[in-house]
Amino acid sequence: MGGASSKSRFADGFADLLVKDIDPSEHEFWDDLWKATLAIDEVFELISMADTRKLIAERPGNLRTLFTQAVVQLYQVVETPFPQYFEQALSCIRILSRIIPVMRE
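**Some thoughts on the packing of helix α4 (residues 49-58) against helix α6 (residues 86-103)**
The relative placement of two packed helices comes down to the angle between their axes together with the axis-to-axis distance. One can describe the packing of α4 onto α6 by two numbers: an axis separation of 10 Å at closest approach and a directional angle of 65°. Here α4 and α6 pass one another in a crossing that is right-handed. From α4, M49, T52, R53 and I56 reach across to α6, where they touch R98, I99, V102 and M103. Split into classes, the residues belonging to the contact of α4 with α6 amount to 5 nonpolar, 1 polar and 2 charged.

**Digging into a nonpolar patch on the surface**
The grouping of I56, I100 and M103 at the surface amounts to a nonpolar patch, some 200 Å² of accessible area in total. Among the secondary structure elements, I56 is positioned in helix α4. For I56, a relative accessible area of 31% puts it in the partly exposed group.

**Observations concerning the environment of E45**
With respect to the element layout, E45 can be found in helix α3 (residues 40-46). Considered as a pair, E45 and R98 are 53 residues apart in the sequence and their alpha carbons are 9.9 Å apart. Within the structure, E45 has its side chain in polar contact with the side chain of K7 (distance 3.2 Å).

**Looking at the pattern of salt bridges**
Here the structure, examined in full by the defined rule, presents 4 salt bridges. The residue K7 makes a salt bridge to E45 at a minimum N-O spacing of 3.2 Å. Here K7 is found in helix α1 (residues 4-19), whereas its partner E45 is found in helix α3, with 38 residues between them in sequence. For K7, a relative accessible area of 23% puts it in the partly exposed group. Here R59 ties to D21 by a salt bridge, and the two come within 3.2 Å at their closest N and O atoms.

**A short note on the packing of aromatic side chains**
Scanning the entire structure with this criterion turns up 4 aromatic pairs. Taking 6.4 Å as the distance between ring centres and 20° as the angle between the ring planes, the aromatic pair formed by F10 and F14 counts as stacked. Residue F10 and its partner F14 are located together in helix α1, separated by 4 residues, close to a single helical turn. F10 sits in the buried class, given a relative accessible area of 1%. Residue classification places F14 among the buried residues on the basis of a relative accessible area of 2%. Taking 6.3 Å as the distance between ring centres and 55° as the angle between the ring planes, the aromatic pair formed by F82 and Y85 counts as tilted.

**Focus on the environment of F10**
For F10 and I47, which are 37 residues apart along the polypeptide, the C-alpha to C-alpha distance reads 9.8 Å. Setting aside residues no more than four positions away along its own chain, F10 makes contact with L33, A36, L38, L46, I47 and I95.

Here is what the cut-offs are and how they apply
- Residues numbered from 1 in each chain as written.
- Predicted model: local features only at pLDDT ≥ 70, side-chain atom pairs only at ≥ 80, totals over all residues.
- Heavy atoms only, no water.
- Axes fitted to C-alpha atoms, helices over the stretch in contact; angles between N-to-C directions.
- Helix = DSSP H or I, 4+ residues; strand = E, 2+ residues; numbered from the N terminus.
- Left-handed = near helix turned anticlockwise from the far one by under 90°.
- Contact = heavy atoms within 4.5 Å.
- Nonpolar A, V, L, I, M, F, W, Y, C, P; charged D, E, K, R; others polar.
- Patch = residues over 30% accessible without salt bridge, like charges linked within 9 Å, V, L, I, M, F, W, Y side chains within 5 Å.
- Areas by Shrake-Rupley, 256 points an atom, 1.4 Å probe, with all protein chains shown as cover.
- Salt bridge = Lys/Arg side-chain N within 4 Å of Asp/Glu carboxyl O.
- Buried < 20%, exposed > 50% of the residue type's maximum accessible area, 1.4 Å probe, protein only.
- Polar contact = N/O pair within 3.5 Å; in protein donor to acceptor, adjacent residues only side chain to side chain.
- Phe/Tyr/Trp six-rings, centres within 6.5 Å; stacked < 30°, edge-to-face > 60°.

In structure tokens, the structure reads:
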């Protein structure tokens, strides 16, 4: 499982996505989000279906960037498959696993 600090940073970052527009070029913000070390149950705990629906309704640009950034991160891991990036790839997959079903509703 992830550390309390990682979990807290991720929760704060996702909360920011719900209340303000985050530019795709804010690399530090996005890097912090992807580098959070969380188990799948922690991701599902921190990203509720209601929050995902809120993101879709109120901040579609943030949702689009979240989705696009996750896919780009996965692409980079495929292109440079170094073990230090594997946990980051898992974070992307876990986040996508949580948001895609709601996006498909």
